[in-house]
Amino acid sequence: MQRTLIWDLPTRLFHWTLALSFAGAWLTSDGDQWRAIHVFLGYLMLALVGFRLLWGFAGSHFSRFASFWFGPKEALIYLQQVASGRAKRHVGHNPAGSLAIYILLALVVVVGITGVLTLGGDEQQGIVAGWASFAQIQTIKKLHDLCATLMLLVVMGHITGVVVESVLHKENLARSMVTGTKLADADTPVAKRHTGVAFLMLLLITGLALWWFDYAIDRQLDSQPGHIESVADTHEPRVKFLGRQLPDNAQWRDECGSCHAVFYPALLPARSWQKIMAEQSQHFGTDLGLDASTTAAVLAFMTANSADQHNTEAAFKIEQSIPRDATPLRITETPYWLHKHQEIAAADWASALVKSKSNCAACHSDADKGTFEDAAMQIPGPPLAKP
Amino acid sequence: MTTKRHTPHLLACLALALPLAAAANPILETYRAQAKQENAAFKDFTVAAGQKLYGTKGAELSCASCHTDSPKAEGKHVKTNKLIAAMAPSVNPKRFSDAANVEKWFKRNCNDVLGRACTTQEKGDFMTYVLSVK
């Protein structure tokens, strides 16, 4: 038995980058403001798996699929042997471990692709923006969540396996995946270091990250016609991740915006706007008294961009939440709004910067544009002390 | 000869009348013509009456509730906190330049403050006051 290089550098780099990416993607899956990082890690994982599939043929001996081509039956038998403490030591992947690897590779592909589709459909962002509607994407989104959870379970199983193996055969498998070496018989095939490939991988990963967080997010989005400038950009440490711009109308903005903040039509269904205009003589205590042509023009814009038209995620979700026979006149009375804002602390509502539930712009920096992007939302903190 | 004697007089008149003509608000003139038609006893609009109306409180509101005590100041919608640009054309030249808009706001705000439509006399007085604020 002698120290032998089993895992070449690219295999190890792949392994740990994928592990960290998955952990990062998992942690950033909930916070809307981390969406840009979450999406980046998703693309990165897809690229990593793409590389690993190639490396399964081009890599060193134990990195090749041919060295760990076991079926589920063999994996089960192996697990039984582990349970009874008689499992044979494998220098490369054991049958149970290889099964976990194949499942994980497949899951990354499924989670990655469903993620890109969800981004395109649910947020109308990314490379397939607008391919699918909000309604069509719901099942795919569930699949994304489900497979990600499944992936976490398989990862846990994988880690358990590594711990059990390490104890059973008295060798630190995790360290081997760092150093690449294991004690092996003299006739064991030795891996090539493949430093050049690893260097290239590292270069590509860093390059992709730099491009994404600098060029793709900041500069390219700035130049896109649909880009929306966030109000508090200079104070936002996080990466902007904003989608396309919604149609605008000067007359609507002027008429509605003269007394209150403009509420984008996508936040209520067309029937609500029709009712609001029909009841304009008692508009929250005021007679709007708009003439017929103004009324018609403003209503036309509102109905053309109402929640029924699904311009945004918020529009779709608000529309879905309203019972068919209800015609709410306040956005803050729609079930989706109530659900989405139920966890906001009373202190935040009472904040001098918020005050009213109709003050959407206090937290949504793009409220004026009507997009209500997840990444543009931030509850204002306490006002900064003046120096 | 006569022309020569009258020229300085005429020039003085023009010098006085031109700025006045420039300052005259066509919307206010329309109200003036309308008021004359409606009421044979109509004399003129007055700053004092307009100022009084500006400060008059209805059931809940006065003009000042949203527009502040001075038409020159930026106001705030009493219910929604939305900023309201100054009303006096001396500060905000866009005001009282679009007849339909002026009618719309008289209709809305007279209703809000007084619970009824304003008379032509009231509209004219109000405008005369706001236009006089320099």
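About the thresholds
Residues numbered from 1 in each chain as written. Chains lettered and ligands numbered in written order. Predicted model: local features only at pLDDT ≥ 70, side-chain atom pairs only at ≥ 80, totals over all residues. Heavy atoms only, no water. UniProt positions renumbered as here; feature names shortened; annotations may be inferred. Helix = DSSP H or I, 4+ residues; strand = E, 2+ residues; numbered from the N terminus. Core = buried A, V, L, I, M, F, W, Y, C linked by side-chain atoms within 4.5 Å. Buried < 20%, exposed > 50% of the residue type's maximum accessible area, 1.4 Å probe, protein only. Contact = heavy atoms within 4.5 Å. Axes fitted to C-alpha atoms, helices over the stretch in contact; angles between N-to-C directions. Parallel < 35°, antiparallel > 145°, perpendicular 65-115°, else oblique. Left-handed = near helix turned anticlockwise from the far one by under 90°. Nonpolar A, V, L, I, M, F, W, Y, C, P; charged D, E, K, R; others polar. Salt bridge = Lys/Arg side-chain N within 4 Å of Asp/Glu carboxyl O. Buried area = accessible area lost by both parts, 1.4 Å probe. Polar contact = N/O pair within 3.5 Å; in protein donor to acceptor, adjacent residues only side chain to side chain. Disulfide = S-S within 2.5 Å.

Draft legend 1. Spotlight on the UniProt feature "transmembrane region" (unreviewed entry) in chain A. Residue and element names in this part refer to chain A. UniProt's feature table lists "transmembrane region" (unreviewed entry) at residues 12-29, 35-55, 99-119, 148-168 and 196-213, given in the numbering used throughout. When the span residues 35-55 is considered, its composition is 100% helix and 0% strand, and the gap between its end C-alpha atoms is 30 Å. End C-alpha to end C-alpha, residues 196-213 measures 26 Å, and it is 100% helix and 0% strand.

Draft legend 2. Region of the structure containing the nonpolar core. Residues and elements named next belong to chain A. W252 and I331 are the most contacted members of the largest nonpolar core, which has 32 residues in total. If we ignore the near neighbours within four places in the chain, the residues touching I331 are F263, L267, L268, I318 and W337. Formed by 31 residues, the second largest nonpolar core is a distinct cluster that contains M45, A100, L107 and V108.

Draft legend 3. Spotlight on unusual backbone geometry. All names here are of chain B. Phi at T68 takes a positive value of approximately 65 degrees, unusual for a residue other than glycine. A positive phi angle is found at N81, which is not glycine, with a value near 65 degrees. Residue classification places N81 among the partly exposed positions, given a relative accessible area of 38%.

Draft legend 4. Summary view of the environment of A36(A). Residues and elements named next belong to chain A. Structurally, A36 can be placed in helix α2 (residues 35-58). On the basis of relative accessibility, which here comes to 3%, the residue A36 falls in the buried class. Taking C-alpha positions, A36 is 8.2 Å from F213, a pair spaced 177 residues apart along the chain.

Draft legend 5. Broad picture of the packing of helix α2 (residues 26-38) of chain B against helix α6 (residues 120-132) of chain B. All names here are of chain B. At a minimum axis separation of 9 Å, α2 and α6 run at an interaxial angle of 150 degrees. With respect to their mutual orientation, α2 and α6 come out roughly antiparallel. Pair α2 / α6 crosses with left-handed handedness. In contact with I27, L28, Y31, Q34, A35 and E38 of α2, α6 contributes T120, K123, G124, M127, T128 and L131. Its residues placed into classes, the contact of α2 with α6 shows 6 nonpolar, 4 polar and 2 charged.

Draft legend 6. Main features of the pattern of salt bridges. Counted by the stated rule, this structure contains 13 salt bridges over all chains. The salt bridge involving R253(A) is made with D368(A); its shortest N-O contact spans 3.0 Å. Here D368(A) lies in the segment after α13 (346-350) and R253(A) lies in helix α8 (residues 250-257), a separation of 115 residues in the sequence. According to the relative accessible area criterion, R253(A) is partly exposed, its value standing at 22%. When its relative accessible area of 40% is taken as the criterion, D368(A) is described as partly exposed. Notably, a salt bridge pairs R32(B) with E29(B), separated by 3.3 Å at the nearest N-O pair. A residue pair is termed a helical-turn pair when its members lie 3 or 4 positions apart in one helix, as R32(B) and E29(B) do in helix α2 at 3 residues. Overall, the relative accessible area of 18% leaves R32(B) in the buried class.

Draft legend 7. Just the interface of chain A and chain B, in detail. The interface of chain A with chain B comprises 14 residues on the first partner and 11 residues on the second. For the pair chain A and chain B, the summed buried surface comes to about 1100 Å²; carbon and sulfur atoms form 45% of the total. Contact with chain B buries area across many residues of chain A, yet S258(A), C259(A) and D287(A) alone supply 40% of it, more than any other trio. At the junction of chain A and chain B, the tally comes to 1 salt bridge. Its salt-bridge partner being K104(B), residue E255(A) comes within 2.4 Å of it at the nearest N-O pair. Here chain A and chain B share 6 residue pairs in polar contact (both at pLDDT 80 or more) between them. Class assignment for the residues of the side of chain A that touches chain B results in 5 nonpolar, 6 polar and 3 charged.

Draft legend 8. Structural detail: the state of the cysteines. Summed over the entire model, instances satisfying the criterion amount to 1 disulfide over all chains. Here C110(B) is linked by a disulfide to C118(B), with a sulfur-sulfur distance of 2.0 Å. Judged by the sign of its S-S torsion, about -100 degrees, the bond between C110(B) and C118(B) is left-handed. Residues C110(B) and C118(B) agree in their burial class; the two are buried. Of all cysteine sulfurs in the structure, the one in C259(A) sits closest to C256(A), which takes part in no disulfide; the separation is 9.4 Å. In this structure C66(B) is not part of a disulfide, and its nearest cysteine sulfur, from C259(A), lies 8.2 Å away.

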